[in-house]
Amino acid sequence: PAAAAAAAPFASPQPSPKPFFGTPYQSLDEGSGWRKVEFETGEYEGEFKDKKPHGFGRSLWHSTGIQYHGQFENQNFEGKGTIFFDNGDRFEGTFSNHKPKGPGILTMGGKRYEVTYDGEKRFSDGAVPVTQVEAPAEVIETEHRVTIIGISRGDKTAAFGLGNYSHCKGVEAKLALASPLRANRPLKNPQELDGKIAIVQRGSCSFAKKLRYCQAAGAVAMIVLGCDNSEKYTQVFQVHEGDPKDDNDDFEPGEDCSPVKVRIPMAFCLGGFEHMLRPGAFVRLHYFPKAPNAPPGWLLGCVFVHPQTLHPDMTREEGEKLLQEFLLVRKAERRQEVLNLERDLAARHAPGGREEFADKEFMRGAAAAAAAAGKGDACDAVLDGVSLCMSPLCAVLLEDYLAGQLGSMTFAAVDLPFHVGDEPHKLQVCPMFSLSPTAAAITVASPRAAAAGGKDGAAPPPRRPGSSSAA
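Computed from a predicted model, the values in this text were never measured in an experiment. (Residues numbered from 1 in each chain as written. Predicted model: local features only at pLDDT ≥ 70, side-chain atom pairs only at ≥ 80, totals over all residues. Heavy atoms only, no water.)

> Would you mind showing me how to read the environment of Gln 308 here?
Along the polypeptide, Gln 308 turns up in strand β19 (residues 308-310). Once the C-alpha coordinates of Gln 308 and Glu 138 are considered, the two residues, 170 residues apart in sequence, prove to be 8.6 Å apart. Excluding residues that lie within four positions of it along the chain, Gln 308 makes contacts with Glu 138, Val 139, Ile 140, Ala 281 and Phe 282. Among the polar contacts made by the side chain of Gln 308, one reaches the main-chain carbonyl oxygen of His 306 at a distance of 3.0 Å. (Helix = DSSP H or I, 4+ residues; strand = E, 2+ residues; numbered from the N terminus. Contact = heavy atoms within 4.5 Å. Polar contact = N/O pair within 3.5 Å; in protein donor to acceptor, adjacent residues only side chain to side chain.)

> It is not clear to me how the sheet that holds strand β1 (residues 33-39) should be interpreted in this structure. Could you clarify?
The strands making up a sheet associate through backbone hydrogen bonding, with each pair oriented either parallel or antiparallel. Ordered in space as β1-β2-β3-β4-β5-β6-β7-β8-β9, the 9 strands form an open sheet in which the pairing is antiparallel. Two strands close off the open sheet at either side, each with one partner strand: β1 and β9 (131-134). The average angle at which neighbouring strand axes cross in this sheet is 15 degrees, direction not considered. (Pairing = 2+ DSSP bridges. Axes fitted to C-alpha atoms, helices over the stretch in contact; angles between N-to-C directions.)

> Looking at this structure, I do not really get the confidence of the model for the chain. What am I missing?
Residues shown with low pLDDT carry predicted positions that ought not to be read at fine detail. Per-residue pLDDT for the chain has a mean of 73; in total, 63% of the residues score no lower than 70. Contacts from residues 356-397, a stretch scored under 50 in pLDDT, to residues over four places away or in other chains number 81 contacts. (pLDDT = per-residue confidence, 0-100.)

> Sorry, what's going on with the nonpolar core here?
The nonpolar side chains of a soluble globular protein tend to be buried with one another. In this structure, Leu 175, Ile 197, Leu 277, Leu 285 and Val 303 are the most contacted members of the largest nonpolar core, which totals 28 residues. If you list the elements that add at least two residues to this core, you get β11 (144-154), β12 (171-177), β13 (197-201), β14 (221-225), β16 (266-269), β17 (282-288) and β18 (300-305). Per element, the largest residue contribution to this core is 4 residues, and it comes from β12. If we skip the residues at most four places from it in the chain, Leu 175 touches Ile 197, Ile 199, Ile 223, Leu 277, Arg 278, Pro 279, Gly 280, Ala 281 and Val 283. Formed by 27 residues, the second largest nonpolar core is a distinct cluster that contains Ile 149, Ala 183, Leu 193 and Phe 237. (Core = buried A, V, L, I, M, F, W, Y, C linked by side-chain atoms within 4.5 Å. Buried < 20%, exposed > 50% of the residue type's maximum accessible area, 1.4 Å probe, protein only.)

> How do you make sense of the environment of Lys 245 when you look at a structure like this?
Tracing the chain through its elements places Lys 245 in the loop between β15 (237-240) and β16. The class of Lys 245 is exposed, set by a relative accessible area of 67%. Separated by 13 residues in sequence, Lys 245 and Ser 258 have C-alpha atoms that sit 9.8 Å apart.

> Please explain the pairing of β11 as it appears in this structure.
Regular strands place side chains that alternate from one sheet face to the opposite one. Relative to β18, β11 runs antiparallel, the two sharing 6 bridges. Residue Ile 149 lies in a different strand from β18, and its bridge partner there is Leu 300. Note that β11 and β15 share 4 bridges and pair parallel. Of the residues in β15, the one forming a bridge with Gly 154 is His 240.

> Before we go on, may I ask you to explain the pattern of salt bridges in this structure?
Pairing is possible between side chains of opposite charge, provided their charged atoms come close. As enumerated under the stated definition, the model contains 12 salt bridges in all. Where Arg 278 meets Glu 92, a salt bridge forms, and the shortest distance between an N and an O atom there is 2.9 Å. Remark: Glu 92 occurs in strand β6 (residues 90-96) and Arg 278 occurs in the loop between β16 and β17; sequence separation between them is 186 residues. In this structure, Asp 256 engages Arg 212 in a salt bridge whose closest nitrogen and oxygen atoms are separated by 4.0 Å. With Asp 256 in the loop between β15 and β16 and Arg 212 in helix α3 (residues 207-216), this pair connects stretches of sequence that are 44 residues apart. Residue classification places Arg 212 among the buried positions, given a relative accessible area of 12%. (Salt bridge = Lys/Arg side-chain N within 4 Å of Asp/Glu carboxyl O.)

Take a look at the structure:
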């Protein structure tokens with residue numbers, strides 16, 4: 001059953017992966033180096049030796065959108081490579097004479113599997129893994145900083161100016177591959193790009209058409225990967241916001257072909273950095289509008305990829321369901337803890353009982369203020385879950401944190417980025433989440449402090465929001 005399931009994405013007839021046959025569309029006078037050629041049903045761009053693909057290269061079959069990125073030897077898939085299938089699945093492993101052979105990683109339906117192939121068949125001939133087990137989450141162990149350049153927006157029919165980059169704002173999100181990778185046709189995986197930074201490959205259509213599909217899918221940014229690993233940054237790019245006919249783009253019947261309006265950040269990245277932009281990685285895309293020595297009209301930037309574990313994606317509905325289940329379970333557990341603790345304290349009448357009660361709170365010390373006003377409010381503080389009675393700002397920060405975890409579809413097993421300190425009106429922020437060393441704490445002004453005054457200026461803690469005496 002596992003082998004049959006793995007074969008499903010490859011069951012439909014596919015062109016035999018012969019990356020080089022027919023007449024090249026450009027002369028190969030030297031016969032070696034980095035070249036681009038067309039073959040009968042697609043194209044190849046990569047290294048050549050003796051007028052044949054040899055070394056690293058990328059093949060594309062136009063009729064299906066299937067691509068191969070990897071090593072070639074005498075025009076055959078030979079060595080490490082990746083097959084990108086038209087439905088968004090991909091295989092990363094080793095090939096021998098076009099055939100997958102040995103261990104590899106098969107990503108299918110958003111899940112990763114460790115697989116082994118026997119090297120007897122090509123994928124187009126129905127190759128299926130001989131072993132298949134669920135793979136552990138991918139881990140990025142080293143930090144990467146990938147240089148990018150911003151893509152401006154403008155009117156192609158007007159004089160090419162210095163570029164409008166007002167849409168290029170920094171963003172933090174997960175990376176996701178478009179399918180087809182060149183985004184030259186309506187995407188087959190729009191749900192996977194929602195809320196993500198879409199990665200597309202240059203070629204087959206204008207940048208404006210790629211952007212049209214990515215924006216429609218809900219992507220928060222778009223990174224265009226180059227195809228030539230030997231190229232450097234020598235030019236800037238601009239998305240045309242006018243008539244798509246000016247870009248010679250073709251659209252399928254019934255498609256919206258109105259002028260595209262740029263709404264999200266865009267960037268171009270050299271093809272040589274492709275291996276650093278792993279699908280599923282949470283990254284920070286940042287621009288440097290005042291970068292020293294930048295050429296006029298250029299906007300330089302960087303993609304920061306930190307060491308991390310790449311967790312499987314969830315749909316928004318799955319994330320919301322998981323969060324609700326978690327909160328309900330924690331609420332039930334806390335209710336039982338409160339009952340047990342109240343029973344113990346009532347039996348002992350210990351002098352330090354109130355401090356011990358506060359120490360058991362969901363956020364350490366958060367119940368101290370509520371306990372001072374009465375045990376009932378303290379119970380409410382515990383049972384309110386997200387709406388802890390500490391202060392409106394505390395509740396907002398906690399809700400924002402949980403919303404951020406949900407929005408990124410990443411539920412990291414880390415402590416909350418803040419906690420309530422000993423003073424009920426002071427909120428401590430963990431340094432690792434601070435934007436600057438000086439952002440060590442946020443002080444919440446208590447309305448009661450101003451009204452009540454007192455020797456030390458402290459005020460009675462505010463009650464739970466919504467209560468009759470809420471501050």
